[in-house]
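An overview of the molecular structure
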Amino acid sequence: KGYHVVIPFRTQITWKKFYKISEDIANILVNTYPDIFTTNIRKENRHNKIFIDYLRNQKSATSVAPYSIRLKKNAPISMPISWQELDKIKPNEITINNVFKRLKKKDPWEDYFTSNLSLIFIFVYKMIINFFYLYIFINIFSIFYSFIKI
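This report concerns the structure included in the present document. (Residues numbered from 1 in each chain as written. Predicted model: local features only at pLDDT ≥ 70, side-chain atom pairs only at ≥ 80, totals over all residues. Heavy atoms only, no water.)

Regarding the nonpolar core
Counting 6 residues, the largest nonpolar core is built from Ile 77, Met 79, Ile 81, Ile 89, Ile 94 and Val 99. Once residues within four sequence positions are removed from consideration, Met 79 is found in contact with Tyr 67, Ile 94, Val 99, Arg 102 and Leu 103. Core analysis: the second largest hydrophobic core is formed by 5 residues, Ala 26, Val 30, Phe 37 and Tyr 54 among them. (Core = buried A, V, L, I, M, F, W, Y, C linked by side-chain atoms within 4.5 Å. Buried < 20%, exposed > 50% of the residue type's maximum accessible area, 1.4 Å probe, protein only. Contact = heavy atoms within 4.5 Å.)

What follows is the structure, encoded as C-alpha cells:
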C-alpha cells in the first residue's frame, strides 16, 4: 500500500540517533502539513493521510526486504524504484507477472552502497531542524510582539 524510503548510511550513527532523526522528520512533516501526513499507527485514525512510519527505524523493527514477493492478490513484489519513478509506479504495480520485464531495466540501487547520501542527508536534516526551530521562534516572537503592541 505504500513506499519505503531507504537511505544508505555509512556514518557512525547509533540506532538511537537515527531513530530520533527519523522521528524528528516525521514530526516536522506532520506539524507542517497536518492535512497530508500522520504518524498515527491506527488505520482508522489516519483519515486518508499519508502514514509516516518512523517506528520502522527502531533496532528491533522489521520490514519487507527488497525483491520479496508479498503474500497478497497478484503477488506484488517489493521492488526498489528510483525517485524519478515515484509518481509513475504504484506500490503494488510490480507483480510476479511483470517482474522479469522490470528486472531488465537499470537497477535503481546500482550505486546504493557507494553513495554519499548519508552525509548529504545529515546536512539537510540539520538545516531543516534549524529552520523549523527558527520558524517556531519567529511565530512565538510574532505572537509576543502582537501582545506587546496592544
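Topic: helix α1 (residues 15–32)
With 18 residues, α1 ought to run about 26 Å at 1.5 Å a step, and its terminal C-alpha atoms sit 26 Å apart, in line with that. Along α1, the residues that are buried comprise Phe 18, Ile 21, Ser 22, Asp 24, Ala 26, Ile 28 and Val 30. (Helix = DSSP H or I, 4+ residues; strand = E, 2+ residues; numbered from the N terminus. Expected span 1.5 Å × (residues − 1).)

A closer look at the packing of aromatic side chains
Inspection of every chain in the model, using the stated rule, returns 2 aromatic pairs. Ring geometry for Tyr 19 against Tyr 54: centres 5.6 Å apart, planes inclined by 55 degrees, an arrangement best described as tilted. Taken together, the residues Tyr 19 in helix α1 and Tyr 54 in the loop between β2 (50–51) and β3 (68–69) connect sequence positions 35 residues apart. Owing to a relative accessible area of 14%, Tyr 54 belongs among the buried residues under this scheme. Seen from the ring of Phe 51, Arg 46 lies directly overhead, with NZ or CZ sitting 3.9 Å from the centre. (Phe/Tyr/Trp six-rings, centres within 6.5 Å; stacked < 30°, edge-to-face > 60°. Lys NZ or Arg CZ within 6 Å of the ring centre and 35° of its normal.)

Digging into the side chain of Thr 95
Within the secondary structure, Thr 95 is located in the loop between β4 (77–78) and α2 (99–103). Sequence-distant contacts of Thr 95, that is, excluding residues within four places in its chain, are made with Asn 74, Ala 75, Pro 76 and Ile 77.

What to know about the environment of Val 30
Considering the arrangement of structural elements, one finds Val 30 in helix α1. Look at Val 30 and you get buried, because its relative accessible area is 18%. Between the alpha carbons of Val 30 and Phe 51 there is a distance of 9.4 Å; along the sequence they are 21 residues apart. Aside from chain neighbours lying at most four places away, what touches Val 30 is Phe 37, Thr 38 and Thr 39.

Some details on a nonpolar patch on the surface
A cluster of nonpolar side chains, contributed by Tyr 3, Val 5, Trp 83 and Leu 86, occupies part of the molecular surface with about 450 Å² of accessible area. Tracing the sequence through the fold places Leu 86 in the loop between β4 and α2. A residue is classified by how much of its surface remains accessible, and Leu 86, at 33% relative accessible area, is partly exposed. (Patch = residues over 30% accessible without salt bridge, like charges linked within 9 Å, V, L, I, M, F, W, Y side chains within 5 Å. Areas by Shrake-Rupley, 256 points an atom, 1.4 Å probe, with all protein chains shown as cover. Salt bridge = Lys/Arg side-chain N within 4 Å of Asp/Glu carboxyl O.)

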